[in-house]
Amino acid sequence: MGKAPGTVDARTDEQLMALALREARRAAEAGEVPVGAVAVFEGRVVARAHNQVELLKDGTAHAEMIALTQAAAGVGDWRLAGVTLYVTKEPCPMCAGAMVNCRLSRLVFGCPDLRAGAAGGVLTLTDFPGLLHRVQVLGGVLADPCAALLREFFQDRRTRAKGAQ
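Residues numbered from 1 in each chain as written. Predicted model: local features only at pLDDT ≥ 70, side-chain atom pairs only at ≥ 80, totals over all residues. Heavy atoms only, no water.

Chemist: What's the story with the pattern of salt bridges in this structure? I'm lost.
Modeler: Opposite charge on two side chains makes pairing possible when the charged atoms of those side chains draw close. Inspection of the entire model under this criterion finds six salt bridges. Among the ionic pairs, Asp13 bridges to Arg106, the shortest N-O distance being 2.7 Å. With a gap of 93 residues between them, Asp13 in helix α1 (residues 13-29) and Arg106 in strand β4 (residues 106-111) connect regions that are remote in the sequence. Here Asp13 falls in the partly exposed class, since its relative accessible area comes to 21%. Put simply, Arg26 and Glu23 hold a salt bridge, and the shortest N to O gap is 3.3 Å. Of this pair, Arg26 and Glu23 both sit in helix α1, three residues apart, which is roughly one turn of the helix. Among the residues examined, Arg26 registers a relative accessible area of 45% and is labelled partly exposed. We classify Glu23 as buried; its relative accessible area is 5%. (Salt bridge = Lys/Arg side-chain N within 4 Å of Asp/Glu carboxyl O. Helix = DSSP H or I, 4+ residues; strand = E, 2+ residues; numbered from the N terminus. Buried < 20%, exposed > 50% of the residue type's maximum accessible area, 1.4 Å probe, protein only.)

Chemist: Just checking my understanding: could you explain the nonpolar core for this structure?
Modeler: Considering soluble globular proteins, one finds that nonpolar side chains tend to be buried as a cluster. By size, the foremost hydrophobic cluster in this structure holds 44 residues, and its most contacted members are Leu68, Leu85, Met99, Leu104 and Leu107. Put simply, the parts of the chain that give this core at least two residues each are α1, β1 (36-41), β2 (44-50), α3 (63-75), β3 (83-89), α4 (93-101), β4 and α5 (143-164). The greatest single-element share of this core, amounting to six residues, is contributed by α1. Residues contacting Leu68, with those up to four places away along its chain left out, are Leu80, Leu85, Cys95, Ala98, Met99, Cys102 and Leu104. (Core = buried A, V, L, I, M, F, W, Y, C linked by side-chain atoms within 4.5 Å. Contact = heavy atoms within 4.5 Å.)

Chemist: What should I look at first to understand the pairing of β4 in this one?
Modeler: The side chains of a regular strand alternate, first on one face of the sheet and then on the other. The element β4 is extensively covered by neighbouring structure, given that six of its six residues are classed as buried. Where β3 lies against β4, five bridges are found, and the strand directions are parallel. Bridge assignment links Tyr86 to a residue of β4, and that residue is Val108. Read from β3 through α4 to β4, the crossover connection turns out right-handed. Bridge count between β4 and strand β5 (residues 136-139): four bridges; the pairing is parallel. When the sheet's bridge partners are listed, Arg106 is paired in β5 with Gln136. (Pairing = 2+ DSSP bridges. Right-handed = clockwise from strand over helix to strand, strands pointing away.)

Chemist: I tried to follow the packing of α3 against α4 on my own but got confused; where do I start?
Modeler: Following both chains from N to C, one finds α3 and α4 inclined at 20°, their axes separated by 9 Å at the closest point. Viewed along their axes, α3 and α4 adopt a mutual orientation that is roughly parallel. In terms of crossing hand, the pair formed by α3 and α4 is left-handed. Where α3 abuts α4, its residues Glu64, Met65 and Leu68 lie against Met94, Cys95, Ala98 and Met99. In the contact of α3 with α4, the residues fall into six nonpolar, no polar and one charged. (Axes fitted to C-alpha atoms, helices over the stretch in contact; angles between N-to-C directions. Parallel < 35°, antiparallel > 145°, perpendicular 65-115°, else oblique. Left-handed = near helix turned anticlockwise from the far one by under 90°. Nonpolar A, V, L, I, M, F, W, Y, C, P; charged D, E, K, R; others polar.)

Right under this line is the structure:
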């Protein structure tokens, strides 16, 4: 008896982060800030998403928010107990707060966000005293390629902006 399609039991955090990086590249190709996310529940990928802020004209359309919504549909509950979310960049306060509110079990992120990271960086909403839930966090998985993708994207944007002047 083989594994069901989409199962990821034997995959490591790095292999799953590589899937999130693939989503981040899709975002970059679409002109979006290159952040990607993948959610896993009971060995299955239940969500794949990338930033769609520009496409949807929606400031809340971060990869994490879209993946959390997809994961809830995949799991069949808004409570994401047992779900691990892989995201290429440390989540912002909005996304980290949503992870706490939906009871996400585990967050694995790539590179830190030194300006607005809320999972141990600038803030720690994922383990904030007094909140009803705390999310287990592992940062730094494939941090270099995650950071390089963001750096290249913004360097390209600056170069294009200079050329347009």
